[in-house]
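Breakdown of the fold
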Amino acid sequence: MTEFYVFVSGPLAWIAWGFFIIGSIYRLVSMYALAKAKDGSSLAYMSLPYSLRSILNWLIPFNTMGWKSDPLMTVATFLFHIGFLLVAVFLGAHAVLWDTAFGISIPSLPGGFGDAVSFVVIAACAVFAYRRLALPHVKGVTRPKDWFSLILVALPFVTGVLAYHQVGPVLLMTTLHVLAGELLLALIPFTRLSHALFALLTRSYMGSEFGAVRHAKDW
Amino acid sequence: MSRIADRKVADPGLANGVASLTPEKIEKVVNQVLKGETGAKLKVYQETCMRCGLCSQGCHFYMSHDFDPSYSPVNKATETMYELMNKKGKVTPDQIYLMAQMAFTECNLCKRCAHYCPIGIDTGYIMSMVRRICYMLDVVPQYIRDTSHSHASTMNQMWVKDDEWIDSLQWQEDEARDEFPDLRIPLDKEGADVYYSVIAPEPKFRTQLIYQAAAIMHAAGVDYTMPSEPGWDNSDMCMFVGDYENMGRLKRAHFESAQKLRVKRIVMGECGHAFRSVYDMGNRWLGYKNSPVPIVHAIEFYWELIQQGKIKITHKYEKPVTIQDPCNVMRGRGLMDKLREVVHFLCEEVVEMIPNREHNYCCCAGGGVINCGPPFKNTRMEGNRIKAEQLKATGVHDVVIPCHNCHGGLEDIIGYYDLGMHGKFIGDIIYELMEKPEL
Ligand code: HEM
Ligand code: HEM
Ligand code: SF4
Ligand code: SF4
């Protein structure tokens, strides 16, 4: 078991990072090439100020028509995305890993806080799941792909919390956690989660199009 | 959740088109469009749409059908384009019928949902590409198809013959000279400041709008002209049908007729979709980032005339009015402040609809939906109850509507929901209030 853990947290971690980084670069570069070949009439309007205007406005909760229309989702998605970044990058245990693996020392969340944020993120995932099960306009368009990415995201949090609270065999839980984290990382470029790569670009395009051509708000 | 299959509407254009389809032909055409004409934009939209449903409340169809998810933007994209993409075009002719009905008649391409989608997905664009595929498959509602045929063969929307166009202008000029003795409608005047362009329904059955525009130009002392040759019609149903080749032909003819006359700019009448065709879709198809001749919409033009003190009115319109914000010039061109300044200049009291400005609800006629004709009138009436509620809540009887499509759409809704209201163009009000010569 310990050997397996060493393998998972060693070579496998590098492989996961490889998938994530090379996969992301590949997806972005090939998408840009396709856009250049086929979407010239859209690319022509890209504008940095209008992109930023749009991104900033959508970063403010309840500032947009979309955010106003569904308060529960808005609160859940903001807590989820912020919580995800905080935990994935700044959790105490992860900060240690940044240091040992890459030699980068970053500030880390106080233990209790990191734990609390992890629970909040799990709760947000529960809200996402509730919407997919109970709200007809979400349920109707939900496909296995959407469940897959939601589970993919929730797994590292669930296993991480279990490991941290020493529920179940610690080594097994930690190994599972690391596996889940790596799976998530590796699959981001190839699932719905690829929106982490593309969402800023689609937002920027809409912002540019509305700002530069339509002279109207896109929020 | 209702299903599109349960609300199938009989239409000869759709039925005849589907009758000659084979699965092989569908597959070939779908992939030809997907590979040849769409690119990263569509691919990213399909992939990054999180199926979160936040766009739903943006759509008047969804709001008007008691939150029936079948009408949400993401569902419409899922049942049409995303299905075509996932199946790589392996769908049945009957599915194409339903997809065409959805794309042509249950989406106005109004882009209101863009204000609701956090990712920035343009459902209007997605649905217009579905229409493009249906057009390539020759599955198009009969009425709008006829209109686009008119465009293709006469270069105008209403089968208006070249001489009839000139006759209509001269007729209006003649009529107007009773009221304004030295009024002219100058044809083909080279180098004029303004090239005034209209949509073909004006000479066909709304000639009083040409009369009024001529009266306003005359009173304001504008150096203007109207073209006598094809290219005069700025409307463009080919754009909504998905016939982009002819959309391009029409826009080229329009721009070139203005260039030939070496006018300073084009002023277009109170129409929304025509404006979309010159700043958004037609220009891009032709490879112009912006239109090659400066173009302003009537709202902006009247605003300028008012700023320059060239419009003199005897009094303000006394009855309270509300304002319809047409999607293509609000969400499309940000003319909401100018529109308000114009209306407040003309009218004593304005009661706003809520929501308004770029967040307005579409009239449900736009995007060519009204042009799909009588078979789909109920789609528009039931699909825009929210607009009726919005109108009713203002408590006024007059609606200022600076768009032809919105006029048609709102008049129908006002009738269907028995609202006892009446629509007016800005030109109607200016004409009514302006100082006229004593005779
Ligand atoms: C991006 C994916 C990841 C997420 C979202 C994530 C999340 C979490 C969470 C929520 C906890 C528990 C925190 C708490 O309850 O206080 C945790 C703990 C931990 N994580 Fe991750 N993690 C991820 C990836 C990884 C990876 C790739 C590794 C190692 C290579 C790793 C190593 C650890 C360790 C060692 C702990 C401490 C567990 C313990 O205390 O036994 N995590 N993580
Ligand atoms: C640049 C980074 C990111 C941006 C701009 C972004 C943006 C968005 C947006 C706009 C949505 C749509 C609906 C909503 O608000 O929930 C969304 C949903 C979602 N995001 Fe992200 N995201 C980013 C990164 C991530 C990352 C790194 C993950 C996890 C790996 C993630 C996981 C999710 C999930 C699971 C949903 C779906 C919620 C549901 O099931 O309804 N996102 N994201
Ligand atoms: S009608 Fe307008 S709001 Fe509804 S889906 Fe189409 S573009 Fe979006
Ligand atoms: S709001 Fe945008 S991301 Fe969410 S379902 Fe609608 S189109 Fe997709």
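Here's a quick rundown of the structure. (Residues numbered from 1 in each chain as written. Chains lettered and ligands numbered in written order. Predicted model: local features only at pLDDT ≥ 70, side-chain atom pairs only at ≥ 80, totals over all residues. Heavy atoms only, no water.)

1. Digging into the layout of surface pockets
Residues and elements named next belong to chain B. In this structure, the second largest pocket occupies an estimated 520 Å³ of space. With 5 residues, helix H14 (residues 273–285) is the largest single contributor of residues to the lining of the second largest pocket. Two domains each donate at least three residues to the lining of the second largest pocket, and these are domain 1 (4–140) and domain 2 (146–307). (1 Å grid on protein atoms, 1.4 Å probe; cavity = no way out; pocket = protein on both sides within 12 Å on 5 of 7 lines; lining within 4 Å. Points joined across faces, edges and corners; volume = space filled by probe spheres on them. Helix = DSSP H or I, 4+ residues; strand = E, 2+ residues; numbered from the N terminus. Domains from an automatic or database assignment.)

2. Focus: the interface of chain B and chain A
Between chain B and chain A, the residue contacts involve 50 residues of the former and 45 residues of the latter. Here chain B packs against chain A, burying approximately 4,100 Å² in sum over the two surfaces, 58% of which is carbon and sulfur. Looking at the side of chain B facing chain A, the largest losses of area belong to B:Glu47, B:Arg51 and B:Arg284, adding up to 16% of the total buried there. The interface formed by chain B and chain A holds 3 salt bridges in total. The salt bridge involving B:Asp280 is made with A:Arg214; its shortest N-O contact spans 2.6 Å. Here chain B and chain A share 32 residue pairs in polar contact (both at pLDDT 80 or more) between them. Those elements that provide at least two residues to the side of chain B that touches chain A are helix H2 (23–36), helix H3 (40–48), helix H5 (73–86) and H14 of chain B. If one sorts the elements of the side of chain B that touches chain A by residue count, H3(B) sits on top with 8 residues. (Contact = heavy atoms within 4.5 Å. Buried area = accessible area lost by both parts, 1.4 Å probe. Salt bridge = Lys/Arg side-chain N within 4 Å of Asp/Glu carboxyl O. Polar contact = N/O pair within 3.5 Å; in protein donor to acceptor, adjacent residues only side chain to side chain.)

3. So, the coordination of the iron atom of ligand 2
Residue and element names in this part refer to chain A. Every protein donor of the iron atom of ligand 2 is listed here as His-81 (NE2) and His-195 (NE2), and their distances to the metal cover 1.9 Å. Around the iron atom of ligand 2, the 6 donor atoms sit at angles spanning 87 to 179°, and that spread fits a shape best called octahedral. Linking His-81 in helix H6 (residues 71–90) with His-195 in helix H12 (residues 195–214), this pair joins segments that are 114 residues apart in sequence. Assessed through its relative accessible area of 39%, His-81 is described here as partly exposed. Owing to a relative accessible area of 13%, His-195 belongs among the buried residues under this scheme. (Donors = N, O, S within 2.8 Å, 3.2 Å for Na, K, Ca; no water. Tetrahedral: all angles 85-135°; square planar, octahedral: opposite > 155°, others 65-115°. Buried < 20%, exposed > 50% of the residue type's maximum accessible area, 1.4 Å probe, protein only.)

4. Some words on unusual backbone geometry
Following B:Ile354, the chain continues to B:Pro355 via a peptide bond in cis, the omega torsion being -5°. Looking at where B:Pro355 falls in the secondary structure, it is placed in the loop between helix H16 (336–346) and helix H17 (377–382). One non-glycine residue, A:His215, lies in the positive phi region at around 55°. By the secondary structure assignment, A:His215 is in the segment after H12. Judged by its relative accessible area of 41%, A:His215 falls in the partly exposed class.

5. A short note on the site of ligand 1
Residue and element names in this part refer to chain A. Lining the immediate surroundings of ligand 1 are 18 residues, of which Leu-91, His-94, Asp-115, Phe-157 and His-177 lie closest. The separation between an oxygen atom of ligand 1 and a polar side-chain atom of Asp-115 is 2.7 Å. Sorting the residues of the shell around ligand 1 by element identifies helix H7 (92–102), helix H8 (111–134), helix H10 (144–164) and helix H11 (170–187) as the ones contributing at least two each. The element best represented in the shell around ligand 1 is H10, accounting for 6 residues. Taken together, the residues that form the shell around ligand 1 break down as 11 nonpolar, 6 polar and 1 charged. (Near = heavy atom within 4 Å. Nonpolar A, V, L, I, M, F, W, Y, C, P; charged D, E, K, R; others polar.)

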